[in-house]
Amino acid sequence: MFNPKRLSLARKRRRLTAKALAELAGLAIDTVLRLEKGAHSPDDMTIARLARALAYPHSFFTSSDPMDLDVDAVSFRSFSKLSVREREAAIAAGSLGLQLSAWVEERFALPQIKMLDLSYETNPEVAALNLRQFWGIGERPIGDMLGLLETHGVRVFSLSENTAAVNAFSFWRDNKPYIFLNNFKTAESSIFDTAHELGHLVMHKHGDPKGIRSSEREADAFASAFLMPERDVIARIPRPITVDLVLRAKQRWRVSAMAMAYRMKALRLLSDYQYKSICIELGRRGYRTAEPGGIERETSIVWRKMLSHLWSERTTKAEIARDLNMPLDELEGLIWNLAAVGSHPDRNDKPLLHAV
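Residues numbered from 1 in each chain as written. Predicted model: local features only at pLDDT ≥ 70, side-chain atom pairs only at ≥ 80, totals over all residues. Heavy atoms only, no water.

Peer 1: Residue-level account of the packing of helix α11 (residues 243–253) against helix α12 (residues 257–266), with values.
Peer 2: Two numbers describe how α11 lies on α12: the axes approach to 9 Å, and their chain directions differ by 100°. It follows from the interaxial angle that α11 and α12 lie roughly perpendicular. For the pair α11 and α12, contact is made by V246, L247, A249, K250 and W253 and by A257, M260, A261 and M264, respectively. Its residues assigned to classes, the contact of α11 with α12 shows 8 nonpolar, no polar and 1 charged. (Axes fitted to C-alpha atoms, helices over the stretch in contact; angles between N-to-C directions. Helix = DSSP H or I, 4+ residues; strand = E, 2+ residues; numbered from the N terminus. Parallel < 35°, antiparallel > 145°, perpendicular 65-115°, else oblique. Contact = heavy atoms within 4.5 Å. Nonpolar A, V, L, I, M, F, W, Y, C, P; charged D, E, K, R; others polar.)

Peer 1: Which residues make up the nonpolar core, and what values go with them?
Peer 2: Judged by nonpolar contacts, the single largest core of 112 residues is most densely connected at F61, L100, L198, F226 and L282. With 9 residues, helix α5 (residues 84–105) is the largest single contributor of residues to this core. (Core = buried A, V, L, I, M, F, W, Y, C linked by side-chain atoms within 4.5 Å. Buried < 20%, exposed > 50% of the residue type's maximum accessible area, 1.4 Å probe, protein only.)

Peer 1: So what's going on with unusual backbone geometry? Which residues, and what values?
Peer 2: Between R239 and P240 the backbone carries a cis peptide bond, its omega angle lying at -5°. Locating P240 in the fold gives a position in the loop between α10 (230–236) and α11. Not every positive phi belongs to a glycine, and N175 is a case in point at roughly 60°. Inspection of the secondary structure puts N175 in the loop between β3 (168–173) and β4 (176–182). Positive phi is not limited to glycine here, since R254 has a value of about 55°. Its location among the elements puts R254 in the loop between α11 and α12. Of the residues examined, R254 reaches a relative accessible area of 17% and is grouped as buried.

Peer 1: Break down the sheet that holds β4 for me, citing the residues and quoting the values.
Peer 2: The strand order across the open sheet formed by 4 strands is β1-β3-β4-β2, and the pairing between neighbours is mixed. Each of the sheet's edge strands pairs with one partner strand only, and the pair in question is β1 (75–76) and β2 (155–159). Sheet topology note: the β1/β3 ladder contains 2 bridges and is antiparallel. Looking at the pairing, S75 lines up with S170 of β3. (Pairing = 2+ DSSP bridges.)

Peer 1: If you had to explain α12 to someone new, which residues and values would you point to?
Peer 2: A large share of α12 lies buried, amounting to 7 of its 10 residues. Those residues of α12 lying buried are A257, M258, A259, M260, A261, R263 and M264. One or two residues past the end of α12 sits R268, with phi positive at roughly 65°.

Peer 1: Which residues make up the side chain of T194, and what are the values?
Peer 2: With respect to the secondary-structure elements, T194 resides in helix α8 (residues 187–203). The contact partners of T194, leaving out residues within four places of it in the chain, are M145, L149, I179 and L181.

Peer 1: Explain empty space enclosed by the protein to me, and be specific about the residues and the numbers.
Peer 2: Counted according to the given criterion, the structure contains 5 cavities of 30 Å³ or more. The calculated volume of the largest cavity comes to roughly 140 Å³. As for the largest cavity, its lining consists of 13 residues, and the residues nearest its centre are L110, V154, R155, V156 and V302. Looking at the lining of the largest cavity, the elements with two or more residues in it are α5, β2 and α14 (301–312). Counted by class, the lining of the largest cavity contains 9 nonpolar, 2 polar and 2 charged residues. Along its surface, the second largest cavity is lined by L146, L181, N183, A187, S190, I191, T194, R297, E298, N337 and L338. Going through the elements one at a time, α8 and α16 (328–339) are the ones with two or more residues in the lining of the second largest cavity. Take the lining of the second largest cavity: its biggest share by element is 4 residues, from α8. The residue inventory of the lining of the second largest cavity, partitioned by class, reads 5 nonpolar, 4 polar and 2 charged. (1 Å grid on protein atoms, 1.4 Å probe; cavity = no way out; pocket = protein on both sides within 12 Å on 5 of 7 lines; lining within 4 Å. Points joined across faces, edges and corners; volume = space filled by probe spheres on them.)

As structure tokens, this is what we get:
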């Protein structure tokens, strides 16, 4: 049976309007609209045209209903900058990610979820400290933010959106936390985005953070406090603070130069005038839009281990995509950049997880 929800998902994922899809498929726009509404079932030739136009396999459109997201519970890193088409494409990616996650959980025992519900906490500094204490990491710098989240059960996926507008988003579903990250930005900015989404997951689990500026500020403050704990920063930063000192400090806490300077200002280690002067100099040196000599991008240990295990069983990424009735490029967009694994994972990479 043809599934109209699948057609709508694929169209949104490809960022096409109904009119644009109709033109690509050689169909009337009314036909596409009726198909998405489930008004009638198309013949095989029509499905084939849609499949070719969208570059999705025929089987995708005859599969069961996609796993829907509660769009009111999805937190976007830069919600105010999103166009409707970008937002719909990202939500569609989330649905595909849920499908992949279910496929994985049938085959592997993933790390248990160990998260706090801090929705009652209104102080991001306190929330960050509580979560650090709960995870037993004290106040030391975090050497692998992505690995830390995966160890505590957060499901992490990548986004293939080639735009800075969709930085990241997160949500809870079936009491499982999910984060989707865009690799478009610098490694330091991606780490901050990850911590920002972690803030949403623990502080806004039951709320609707979309479009609420206070929630975005809370998540930013949480990320800053979680990555750069107050007592550690104050104890480690000598005076006077110079631009070169900021650049050395950012290496310790693995954040961007601008984020490091802002944290120093928030902790009153810098006056407004000093902060402005340092930001001007950082911008002159190229740190406003990039991180010269930046750190290496974090990758997922969990995904790399799972893919290595699958490869040891001679399961290729093309076979995974076929099993999911998913285009290969969508599967690659969800995990391959994040896992830093090509078509042939390292055969000597012993599985961290066990199959079930």
